[in-house]
Amino acid sequence: MRAPRLTLVGVAILALSAVAGVAALPVLPSSVAIHFGVGGDPDSFVAAPLGVLLVPVTGLGALLVTRFARAAGRGASVPPAFDSVLATFLAYVQALVLAYNLGARFDMLVAVVPAVVTFGVVAVVLERAGREDKA
């Protein structure tokens, strides 16, 4: 099975996100925040090495699932463009988490909500475009 170009773009984005996290490891605290409550305060912490690799590895897993599901003919077909959009969204979240753990203080909810809305709109547009292609 040959991976679509946009899937490879997604893999590259997630790899760069992982590299950025690993590069930041020496200056990160030993325990990093990875989840934030509705009030914007961190409510879940993990060891820094796990924290910097969690999002990129989870994203790579998601890309594998979307490609293997399509190759196996299971579930709905996910357009390859979704892979790069998902990877971009996850890299953005990773960047916010790294910035927070490096001392930047901002309202995480305000920073994430526009990206979530954009991701949702793009996913719906891609899904509708896929339906129109089949018609």
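What counts, and where the lines are drawn
Residues numbered from 1 in each chain as written. Predicted model: local features only at pLDDT ≥ 70, side-chain atom pairs only at ≥ 80, totals over all residues. Heavy atoms only, no water. Pairing = 2+ DSSP bridges. Helix = DSSP H or I, 4+ residues; strand = E, 2+ residues; numbered from the N terminus. Buried < 20%, exposed > 50% of the residue type's maximum accessible area, 1.4 Å probe, protein only. Contact = heavy atoms within 4.5 Å. Phe/Tyr/Trp six-rings, centres within 6.5 Å; stacked < 30°, edge-to-face > 60°. Lys NZ or Arg CZ within 6 Å of the ring centre and 35° of its normal. Axes fitted to C-alpha atoms, helices over the stretch in contact; angles between N-to-C directions. Parallel < 35°, antiparallel > 145°, perpendicular 65-115°, else oblique. Nonpolar A, V, L, I, M, F, W, Y, C, P; charged D, E, K, R; others polar. pLDDT = per-residue confidence, 0-100. Expected span 1.5 Å × (residues − 1). Arc of directions from axis to C-beta.

Concerning the pairing of strand β1 (residues 31–36)
Strand direction decides the pairing type here: β1 and strand β2 (residues 42–47), joined by five bridges, are antiparallel. In the strand pairing of β2, His 35 is matched with Ser 44. Between β1 and β2, which pair antiparallel one after the other, the connecting turn spans five residues, and Gly 40 there sits at a positive phi close to 95°.

As for the environment of Val 85
Here Val 85 shows up in helix α3 (residues 80–101). Note on Val 85: relative accessible area 23%, which makes it partly exposed. Sequence separation between Val 85 and Ile 13 is 72 residues, and the spatial gap between their C-alpha atoms is 9.8 Å. Sequence-distant contacts of Val 85, defined by excluding residues within four places in its chain, comprise Phe 119, Val 122 and Leu 126.

Notes on the packing of aromatic side chains
Summed over the entire model, instances satisfying the criterion amount to four aromatic pairs. Each ring, one from Phe 36 and one from Tyr 100, has its centre 4.8 Å from the other, and the planes form 80°; the classification is edge-to-face. Here Phe 36 is found in strand β1, whereas its partner Tyr 100 is found in helix α3, with 64 residues between them in sequence. Residue Tyr 100 is classed as buried on the basis of its relative accessible area of 11%. Taking 5.0 Å as the distance between ring centres and 25° as the angle between the ring planes, the aromatic pair formed by Phe 89 and Phe 119 counts as stacked. A residue pair is termed long-range when its members are at least 10 positions apart, and Phe 89 in helix α3 and Phe 119 in helix α4 (residues 108–134) qualify at 30 residues. Side by side, Phe 89 and Phe 119 carry an identical accessibility label, which is buried. Chaining the aromatic ring pairs together yields one cluster made of Phe 36, Tyr 100 and Phe 106. Directly above the aromatic system of Tyr 100 lies the positively charged group of Arg 105, at a separation of 3.8 Å from the ring centroid.

What to know about the packing of helix α1 (residues 5–24) against α3
Between α1 and α3, the shortest axis-to-axis distance is 7 Å and the interhelical angle comes to 10°. On the basis of the axis angle, α1 is roughly parallel to α3. For the pair formed by α1 and α3, the contact residues are Leu 6, Thr 7, Val 9, Gly 10, Ile 13, Leu 14, Ser 17, Ala 20 and Gly 21 on the first element and Pro 80, Ala 81, Asp 83, Ser 84, Ala 87, Thr 88, Leu 90, Ala 91, Gln 94 and Leu 98 on the second. Residue composition of the contact of α1 with α3, grouped by class: 11 nonpolar, seven polar and one charged.

Comments concerning the confidence of the model for the protein chain
The share of residues in the protein chain with pLDDT of 70 or more is 89%, and the mean pLDDT across the chain is 87. β2 holds the highest mean pLDDT among the elements of the protein chain, 95, whereas α4 holds the lowest, 81.

Concerning the side chain of Gln 94
By secondary structure assignment, the location of Gln 94 is in helix α3. Take Gln 94: its relative accessible area is 1%, and that puts it in the buried class. Beyond its immediate chain neighbours, meaning those up to four positions away, Gln 94 contacts Ser 17, Gly 21, Gly 51, Val 52, Val 55 and Pro 56.

Looking at α1
Over its 20 residues, α1 extends 29 Å from the first C-alpha to the last, a length consistent with the 28 Å expected when each residue adds 1.5 Å. Among the residues of α1, those classed as buried are Thr 7, Gly 10, Leu 14, Ser 17, Ala 18, Gly 21 and Ala 24. All buried residues of α1 lie within an arc of 125° about the axis, which places them on one face of the element. α1 presents Arg 5, Leu 16, Val 19 and Ala 23 as exposed residues on the side facing more than 90 degrees away from its buried surface.

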